[in-house]
Amino acid sequence: MTVMDAEIRCEDLVRIFTAEGVEVQALQGLNLTVEAGDLVALVGASGSGKSTLLTILSGLDRPTAGAASVAGHDLVTMTPGERQVFRRDTVGFVWQQTARNLLPYLTAVENVTLPMVLGRRRSDRAARRARAAELLDVLGVADVADRRPAELSGGEQQRVAIATAVANGPRVLLADEPTGELDEATSADVLDAIRHVTTELGMTTLIVTHDPAVATHVRRTVRIRDGRTATETLRRTALDEHGHELHVHEEFAVIDRVGRLQLPREFVDALDLRDRVRLGLETDHVRVSSGTQVDAGTGADPGAAPERPPGAAAEPSTPDGLGPTGDHREPEEDA
Ligand code: ADP
Ligand code: MG
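## A few points about the overall build of the protein chain
- A count of helices and strands for the protein chain gives 8 helices and 13 strands.
- Out of the 335 residues belonging to the protein chain, those deemed buried represent 45%.
- Residue pairs at least 24 apart in sequence account for 61% of intrachain contacts in the protein chain once pairs closer than 6 positions are excluded.
- In the form shown here, the protein chain has an accessible surface area of approximately 17800 Å², with 53% of it arising from carbon and sulfur atoms.

Okay, here's the thing in structure tokens:
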């Protein structure tokens, strides 16, 4: 097994589905790293590959190419037997469809107890029941322990589902749109419950959602577009001028190991970027401009661009200001 230290790691992950002779590239070289103990939201339009990724991470499906590991288990080379144990003990999952998470004829506490019967930790009936009651309590649904799923609200069902998913103490919790069928207020409560249980049990959690509001509940939001990681939004706490705490969200483009990044569609459209673009290396940024325009005065000089972003405007060219080929000086008019 390759050395993969992060709790979740995907490298150049590809998943191609072939249905009736038509190939669908659900994942097209996706990269993702989630550190132990982190809670990360994965967002993206419908069809962008979110469920495909989660199905692979949960050990239900295999990638077509690329590398993936969860909690030190290599998902590509895992044997069927290892896969079964992995799915039982290492990862927990919560699905969007509330009905898929719980058995309808068992009460909440019986649903939570069930995975422990098969789990790696040998425990007696009383111990299992005690742990189930404790988990229901952590998730704020202790009072509905003896009800069946049909007698629970959607939010309660998902909380019980989370308790069931973490019953065997998994290192990683995967949730595919766990709030997709819930209203806004209930969604917020369930997301808070996931955050709470992640910290409480020391897990690593990846939540898929199409709800942009989720970013306010997590430190890190990863956006996938067309089967690739496109941007990340990090939330940090800052102080305003009155000394009050405020949450700052900053969106970053993701650059992979070999330097590839995806430009936002709005940027591509705004400058009509197509087929090829010019790149220029500045002292503190990289310039991307339309490949069709010819810059006045410098001819085919790839380093010349008509405009500069604010903030870099007054910066004089430095003797070591190198262009993309490393042998290029800043054009005169930039100085
Ligand atoms: P998301 O969860 O982001 O909505 P999915 O991962 O479900 O996206 O799907 C990504 C793409 O892969 C879609 O185009 C979808 O139609 C396709 N896809 C997903 N699963 C299969 C499958 N089993 N067979 C064929 N195509 C699939
Ligand atoms: Mg999906």
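Structure's up, so let's keep going.
## Some remarks on the nonpolar core
- One finds V112, L136, V160, I162 and L173 to be the most contacted residues of the largest nonpolar core, which totals 36 residues.
- For this core, the secondary-structure elements that each account for two or more residues are β3 (39-43), α4 (108-118), α5 (125-138), α6 (154-165), β7 (172-176) and α7 (184-201).
- In this view, V160 contacts L102, A108, V112, L136, V141 and L152; residues no more than four positions away in its chain are not counted.
- With 28 residues, the next largest nonpolar core counts V34, L53, F86 and W95 among its residues.

## Points about the packing of aromatic side chains
- Counted according to the given criterion, the structure contains 1 aromatic pair.
- Sitting over the ring of W95, R100 keeps its end group 4.0 Å from the ring centre.

## Points about unusual backbone geometry
- A positive phi angle, near 45 degrees, is found at E177, a position not held by glycine.
- Assignment of secondary structure puts E177 in the loop between β7 and α7.
- On the basis of relative accessible area, E177 is assigned to the buried category, the value being 11%.
- At D226, a residue that is not glycine, the phi angle is positive and equals roughly 50 degrees.
- Note on placement: D226 falls in the loop between β9 (220-225) and β10 (228-239).

## Focus on the sheet that holds strand β4 (residues 65-70)
- With antiparallel pairing, 4 strands are arranged side by side in an open sheet as β2-β1-β4-β5. Both outer strands of the open sheet, β2 (22-34) and β5 (73-74), are each paired with one neighbouring strand and no more.
- The pairing of β4 with β5 spans 2 bridges and is antiparallel. Opposite V70, over in β5, you have H73 as the bridge partner.
- Packed on one face of the sheet, helix α1 (residues 50-57) meets β1 (8-19), β2 and β4 and runs near 115 degrees to β1.

## As for the environment of M116
- Relative to the assigned elements, M116 resides in helix α4.
- Taking relative accessible area as the criterion, M116 reaches 5% and is therefore assigned buried.
- For the pair M116 and D89, spaced 27 residues apart in sequence, the C-alpha separation works out to 9.4 Å.

## So, the site of ligand 1
- Close to ligand 1 lie F17, V24, A26, A45, S46, G47, S48, G49, K50, S51 and T52.
- Within the backbone of G47, a nitrogen or oxygen atom sits 2.6 Å from an oxygen atom of ligand 1.
- The contact in question runs from an oxygen atom of ligand 1 to an N or O atom on the backbone of G49, over 3.1 Å.
- For ligand 1, whose free accessible area comes to 560 Å², the fraction covered by protein is 61%.
- Within the residue set of the shell around ligand 1, elements represented by two or more residues are β2 and α1.
- When residues in the shell around ligand 1 are grouped by element, the largest group, 3 residues, is from α1.
- Of the residues assigned to the shell around ligand 1, the class counts are 4 nonpolar, 6 polar and 1 charged.

## Remarks on the environment of T229
- When you line up the elements, T229 lands in strand β10.
- Each C-alpha atom, one on T229 and one on D256, is 9.0 Å from the other, the two residues being 27 residues apart in sequence.
- Residues within four places of T229 in sequence aside, it is in contact with L30, N31, V222, R223, I224, V254 and Q262.
- A distance of 2.4 Å separates the side chain of T229 from the backbone oxygen of N31, its partner in a polar contact.

## Notes on the sheet that holds β10
- The 7 strands lie next to each other as β6-β7-β8-β3-β9-β10-β11, forming an open sheet whose pairing is mixed. The open sheet terminates on both sides in strands that have one partner only, identified here as β6 (91-94) and β11 (245-253). Strand-to-strand twist of the sheet, defined as the mean angle between neighbouring strand axes without regard to direction, takes the value 20 degrees.
- Across 4 bridges, β6 lies against β7 in parallel orientation. Across the sheet, V91 pairs through a bridge with V172, a residue of β7.
- The sheet strands contacting α1 are β3, β6, β7, β8 (204-208) and β9, and the helix crosses β7 at an angle near 150 degrees.
- Along the sheet, α7 contacts β3, β7, β8 and β10; its crossing angle with β8, the most-contacted strand, is approximately 160 degrees.

About the cut-offs
Residues numbered from 1 in each chain as written. Chains lettered and ligands numbered in written order. Predicted model: local features only at pLDDT ≥ 70, side-chain atom pairs only at ≥ 80, totals over all residues. Heavy atoms only, no water. Helix = DSSP H or I, 4+ residues; strand = E, 2+ residues; numbered from the N terminus. Buried < 20%, exposed > 50% of the residue type's maximum accessible area, 1.4 Å probe, protein only. Contact = heavy atoms within 4.5 Å. Areas by Shrake-Rupley, 256 points an atom, 1.4 Å probe, with all protein chains shown as cover. Core = buried A, V, L, I, M, F, W, Y, C linked by side-chain atoms within 4.5 Å. Phe/Tyr/Trp six-rings, centres within 6.5 Å; stacked < 30°, edge-to-face > 60°. Lys NZ or Arg CZ within 6 Å of the ring centre and 35° of its normal. Pairing = 2+ DSSP bridges. Axes fitted to C-alpha atoms, helices over the stretch in contact; angles between N-to-C directions. Near = heavy atom within 4 Å. Polar contact = N/O pair within 3.5 Å; in protein donor to acceptor, adjacent residues only side chain to side chain. Nonpolar A, V, L, I, M, F, W, Y, C, P; charged D, E, K, R; others polar.

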